[in-house]
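Read off the chains here:
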Amino acid sequence: PELSALARPFAYRDRTFLCLDKETANASAASSVRPAACIFLERADAAPRLIPLSSHDRNTRFGLTTPFKEDAGSPEEREAVFAALNRLPSYRLVYADPAAAAVFFRSVLNTHHMEAHA
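Each chain has its residues counted from 1, running along the sequence as written. Reporting in this predicted model follows two pLDDT cut-offs: at least 70 for local features of residues, and 80 or more for side-chain atom pairs to be given and counted; totals over whole chains, interfaces and linings ignore these cut-offs and use all residues. Based on all heavy atoms of the structure, the side-chain values leave hydrogens and waters out of the count.

## Some details on a nonpolar patch on the surface
Like charges are joined within 9 Å and nonpolar side chains (Val, Leu, Ile, Met, Phe, Trp, Tyr) within 5 Å, but only among residues with over 30% relative accessible area and no salt bridge; these make up the patches. Under the convention used here, a 1.4 Å probe and the Shrake-Rupley method define accessible areas, while residue burial counts only the protein chains that appear. Counted as salt bridges are all cases of a side-chain nitrogen of Lys or Arg within 4 Å of a carboxyl oxygen of Asp or Glu. There is a patch of nonpolar side chains on the surface, built from Leu 6, Leu 20 and Val 33 and spanning about 230 Å² of accessible area. What counts as a helix is a DSSP run of H or I of at least four residues, what counts as a strand is a run of E of at least two, and both are numbered from the N terminus. Residue position: Leu 6 is located in helix α1 (residues 2–6). Whether a residue is buried, partly exposed or exposed follows from its accessible area with a 1.4 Å probe, protein chains only, as a fraction of its type maximum: under 20%, in between, or over 50%, in that order. Classification of Leu 6 as partly exposed rests on a relative accessible area of 30%.

## Section: the pattern of salt bridges
Under the counting rule described, the total for this entry stands at 2 salt bridges. Arg 61 is paired through a salt bridge with Glu 42; the nearest N and O atoms lie 3.1 Å apart. Taken as a pair, Arg 61 in helix α2 (residues 55–64) and Glu 42 in strand β3 (residues 38–43) lie far apart in primary sequence, 19 residues in all. Its relative accessible area of 23% is what places Glu 42 among the partly exposed residues.

## Describing the sheet that holds strand β4 (residues 49–52)
For two strands to be treated as a pair, DSSP must find at least two bridges joining them. Across the sheet, 3 strands lie side by side as β3-β5-β4; this open sheet has mixed pairing. Each edge of the sheet is formed by a strand with only one pairing partner; in this case those strands are β3 and β4. Pairwise comparison of adjacent strand axes, ignoring direction, gives a mean angle of 30° for this sheet. Of the pairings in the sheet, the one linking β4 to strand β5 (residues 90–95) comprises 4 bridges and is antiparallel in character. Bridge pairing in β5 places Ile 51 opposite Arg 92. Note on method: axes are straight lines fitted to C-alpha atoms, helices fitted across the in-contact stretch only, with angles between N-to-C directions ranging 0 to 180 degrees.

## Things to note about the environment of Phe 10
The topology assignment puts Phe 10 in strand β1 (residues 8–12). Overall, the relative accessible area of 42% leaves Phe 10 in the partly exposed class. Placed 10 residues apart in sequence, Phe 10 and Leu 20 show a C-alpha to C-alpha distance of 9.8 Å. Pairs of residues are marked as contacts when any of their non-hydrogen atoms sit within 4.5 Å. Ignoring anything within four residues of it in the chain, the contact list for Phe 10 reads Arg 15, Thr 16, Phe 17 and Cys 19.

## A look at the confidence of the model for the protein
The quantity called pLDDT is the predictor's confidence in a given residue, expressed from 0 to 100. Across the protein, the average pLDDT comes to 77, with 76% of residues at 70 or higher. In this model, residues 113–118 is a region of pLDDT below 50 whose contacts with residues beyond four sequence positions or in other chains number 9 contacts.

## Let's talk about the side chain of Arg 92
The residue Arg 92 is located in strand β5 in this model. Within 3.5 Å is the distance limit for a polar contact, defined as a pair of N or O atoms, with the added protein rule that one can donate a hydrogen and the other accept it, and that residues adjacent in sequence qualify only through two side-chain atoms. A polar side-chain atom of Arg 92 sits 2.8 Å from a polar atom in the side chain of Glu 42. Each residue touching Arg 92, except ones within four places of it in the same chain, is listed here: Phe 40, Glu 42, Arg 49, Leu 50, Ile 51, Leu 53 and Arg 61.

Structural data, given as structure tokens:
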């Protein structure tokens, strides 16, 4: 919900996405968004499904998929971020068709209340 105020809608075919333009974003209006879960996307020849991850699987995936390593701050800052993410529930979202996965994921968000973890 926090992203709705920060982004503009972008429609493509029968789908609407939120688009945040980094170039024109006003840094003084920026705010934090509290993550509710970690979702790892995994393309496979399967209907969309959400599969819980063990802490070991989650840690392995974090080690393999750290984005923007060169811009990710100091090792201490990265460790603090990963420690916070490790307290969240983590899942694999397995899917074949990205459009079907988007509809599936939206239905999960709309029907389940994800509790904030301290």
